[in-house]
Amino acid sequence: MSLNLFIIGPSGCGKSTQAKLIAEKYNLTHISTGQLLRDEIAAGTGFGLEAKAYIDQGKLVPDDLVFDVLVAKLKTIDYQNFIIDGFPRLLNQGKIVEYYLKKQSKPFSLLIHLTVTFEEITARRAKMGVEFQDKDRSDNTPEAIASRQQFYDDGIISIRDYFESKGTFFEVDGNRPVEPIFEDIVTQIEKIK
Ligand code: AMP
């Protein structure tokens, strides 16, 4: 059976690091909706142009745009064996992707939520120092960071409620080093495989 995973968490929680490790271990395609959108911007497409204003302000890009780039990517991998990082940001996105997978007779295997406190993220950012932060990203301003946190806070409650009720939600304490977090996620994946 295919393994179709999602990983979400607040901005700066380390979800991309975990997504890469999981993709490597289980031979999955790692998809980041943020990266797909940044690729569109870099390629100078119409999608990219439209998305840039939202991204730079730390706002959510409208669903239709996100789905256009995401579904195009999912098609190339037959809608299976992936980990999508940074998606769903809103309950509606989660419901729509569930629908897409169902239509393709593919399972929605697990949504992993990496919880990290705002204090921990702030401490990590301070430790990293501005010079080590991702220079390819134009949305590392304090305003955009605060806005992303707000959107996360607003979205997570309904996402958690819904996917918990479906039994496809796994919450992991991300206020720890990379390895123990990864081990906990692997233990959970092994249970559903
Ligand atoms: P990320 O790389 O996950 O931090 O995402 C960077 C930015 O891309 C976000 O702040 C949003 O503007 C946009 N973005 C990424 N994923 C989504 C999504 N699922 N829905 C809406 N906007 C998104």
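Up top is the structure these notes are about.
Residues numbered from 1 in each chain as written. Predicted model: local features only at pLDDT ≥ 70, side-chain atom pairs only at ≥ 80, totals over all residues. Heavy atoms only, no water.

> Quick question: what am I supposed to make of the site of the ligand here?
Taken together, 16 residues form the shell around the ligand, and within it T33, R38, K59, Q93 and R148 come nearest. Separating a nitrogen atom of the ligand from a side-chain N or O atom of T33 is a distance of 2.8 Å. The contact in question runs from a nitrogen atom of the ligand to an N or O atom on the side chain of Q93, over 2.9 Å. Look at the ligand: alone it shows 480 Å² of surface, and the protein chains cover 97% of it. Residue contributions to the shell around the ligand peak at four residues, all from helix α2 (residues 33–43). Tallied by class, the residues present in the shell around the ligand amount to six nonpolar, four polar and six charged. (Near = heavy atom within 4 Å. Polar contact = N/O pair within 3.5 Å; in protein donor to acceptor, adjacent residues only side chain to side chain. Areas by Shrake-Rupley, 256 points an atom, 1.4 Å probe, with all protein chains shown as cover. Helix = DSSP H or I, 4+ residues; strand = E, 2+ residues; numbered from the N terminus. Nonpolar A, V, L, I, M, F, W, Y, C, P; charged D, E, K, R; others polar.)

> Help me understand the pattern of salt bridges, please; the structure alone is not making it clear to me.
Working definition: two side chains of opposite charge can pair if their charged atoms are close together. Under the defined criterion, the tally for this structure stands at eight salt bridges. Between R160 and E171 there is a salt bridge, and its shortest N-O distance comes to 3.0 Å. Taken together, the residues span a long stretch of sequence, with R160 in helix α7 (residues 142–166) and E171 in strand β5 (residues 169–173) at a distance of 11 residues. Here D184 ties to R176 by a salt bridge, and the two come within 2.7 Å at their closest N and O atoms. Shared partners join several salt bridges into a network, and the residues in it are R137, D139 and R148. (Salt bridge = Lys/Arg side-chain N within 4 Å of Asp/Glu carboxyl O.)

> Just to check I follow, could you spell out helix α1 (residues 15–26) for this structure?
In this model α1 runs 16 Å from its N-terminal to its C-terminal C-alpha over 12 residues, within 8% of the 16 Å that 1.5 Å per residue would give. Among the residues making up α1, those that are buried are K15, Q18, A19, I22, A23 and Y26. Down the axis of α1, the buried set is contained in an arc of 135°. They therefore lie on one face. Summarising the contacts, the buried residues of α1 are in contact with β1 (4–8), β2 (29–32), β3 (82–85), β4 (110–115) and α8 (178–192). Two residues or fewer after α1 comes N27, characterised by a positive phi angle close to 55°. (Expected span 1.5 Å × (residues − 1). Buried < 20%, exposed > 50% of the residue type's maximum accessible area, 1.4 Å probe, protein only. Arc of directions from axis to C-beta. Contact = heavy atoms within 4.5 Å.)

> Looking at this model, I keep getting lost on the pairing of β3. Mind explaining?
The two faces of the sheet receive side chains in turn, since in a regular strand these alternate between them. Of the two faces of β3, the one carrying F82 and I84 and the one carrying I83 and D85 are both buried. Examined bridge by bridge, β1 and β3 share four bridges and lie parallel to one another. Of the residues in β3, the one forming a bridge with N4 is F82. Alignment of β2 against β3, held across four bridges, turns out to be parallel. Bridging from a neighbouring strand, T29 pairs with F82 of β3. (Pairing = 2+ DSSP bridges.)

> Can you help me understand the sheet that holds β3 in this one?
For sheets, the rule is that strands pair by backbone hydrogen bonds, running either parallel or antiparallel. The strand order across the open sheet built from five strands is β2-β3-β1-β4-β5, with neighbouring strands paired in parallel fashion. Edge positions in the sheet fall to β2 and β5, since each has one partner strand and no second. Neighbouring strand axes in the sheet, compared pairwise and without regard to direction, differ in orientation by 20° on average. Contacting β1, β4 and β5, α7 crosses the sheet at an angle of about 140° to β4. (Axes fitted to C-alpha atoms, helices over the stretch in contact; angles between N-to-C directions.)

Function-wise, these values are silent; they only describe arrangement.
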